[in-house]
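Now for the letters of each chain:
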Amino acid sequence: MHQTIKKCYISVNVQKVDFDINSEIKKIKSNKIIGGIVNFTGIVRNSGGEKEELVSLELEHYPGMTEKAIMLICEDAQKRWNLNFIRVIHRVGRLFAGDNIVLVLTASAHRKEAFKSAEFIMDFLKSRAPIWKKEHYRTHSSWVQSKEEDELILNDW
Amino acid sequence: MKILYFSWLREKIGVPFEEVEVRSETVGDLIKELINQDHKYELAFEDIKSIRVAVDQKIIQDFNVSIKNAREVAFFPPMTGG
């Protein structure tokens, strides 16, 4: 899903397959008006707060709604900051420790807008993208609980 | 109407979605209608504060929202994306 609003190109994908950070950055860099790109890559941690080693992380989502919800977050970011590119890729399905989960790239003429907007998008992805994580351990599985602070932090924006 | 369930709600109810003929006109009434149908809904909706709702793929805060013309209603716990 992609669109251009006021010279800001926004592109969102929800996918099972991995993404290549360098090729995503390269695509944005081919445009000469930008002064900086902020890259946030979320990675599956070996242990999600439990002592046991994580076997896998399962990401369930709401097909049809997820991309739209992420696009809404990006549109909101575009309204707040002067951006030239927003690229979000969120993976779903079964992932393993060290795997990429999410990519947020924001590009702007100036660094501060790129930094701020990338943080904003990540904060909202946490509790506004219809995605649910389940951690699988050798002996048991458990759904990741949402954190109250993740919800409260949205009030700061 | 299509009703969808995600995460542990899906596990408690046992299906990812179901097509249901509903009489309810609001989200709150729909929850009550489901609870009256089967004990599994009562268990799933027990902790109502931890239930989030989307009507036609838009998240709603107020359970009094009308579902009269809705095609789908989804129930799920707080999201854990990112």
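Above this text sits the structure in question.
Cut-offs used in this document
- Residues numbered from 1 in each chain as written.
- Chains lettered and ligands numbered in written order.
- Predicted model: local features only at pLDDT ≥ 70, side-chain atom pairs only at ≥ 80, totals over all residues.
- Axes fitted to C-alpha atoms, helices over the stretch in contact; angles between N-to-C directions.
- Helix = DSSP H or I, 4+ residues; strand = E, 2+ residues; numbered from the N terminus.
- Parallel < 35°, antiparallel > 145°, perpendicular 65-115°, else oblique.
- Left-handed = near helix turned anticlockwise from the far one by under 90°.
- Contact = placed C-beta atoms within 7 Å.
- Nonpolar A, V, L, I, M, F, W, Y, C, P; charged D, E, K, R; others polar.
- Pairing = 2+ DSSP bridges.

Describing the packing of helix H2 (residues 66–80) of chain A against helix H3 (residues 111–128) of chain A
Residue and element names in this part refer to chain A. As a packed pair, H2 and H3 sit with axes 10 Å apart at the nearest point and diverge in direction by 150°. The angle between the axes of H2 and H3 places the two elements in the roughly antiparallel class. Classified by chirality, the crossing of H3 by H2 is right-handed. Residues Ala69, Ile70, Ile73, Cys74, Ala77 and Arg80 of H2 pack against Ser117, Phe120, Ile121, Phe124, Leu125 and Arg128 of H3. Of the residues belonging to the contact of H2 with H3, the class tally is nine nonpolar, one polar and two charged.

Here we look at the sheet that holds strand S5 (residues 72–76) of chain B
Residues and elements named next belong to chain B. One open sheet accounts for five strands, arranged S2-S1-S5-S3-S4; its pairing is mixed. In the strand order of this sheet, the two ends are held by strand S2 (17–19) and strand S4 (58–60), each with one partner. Strand-to-strand twist in this sheet, taken as the mean axis angle between neighbours without regard to direction, amounts to 25°.

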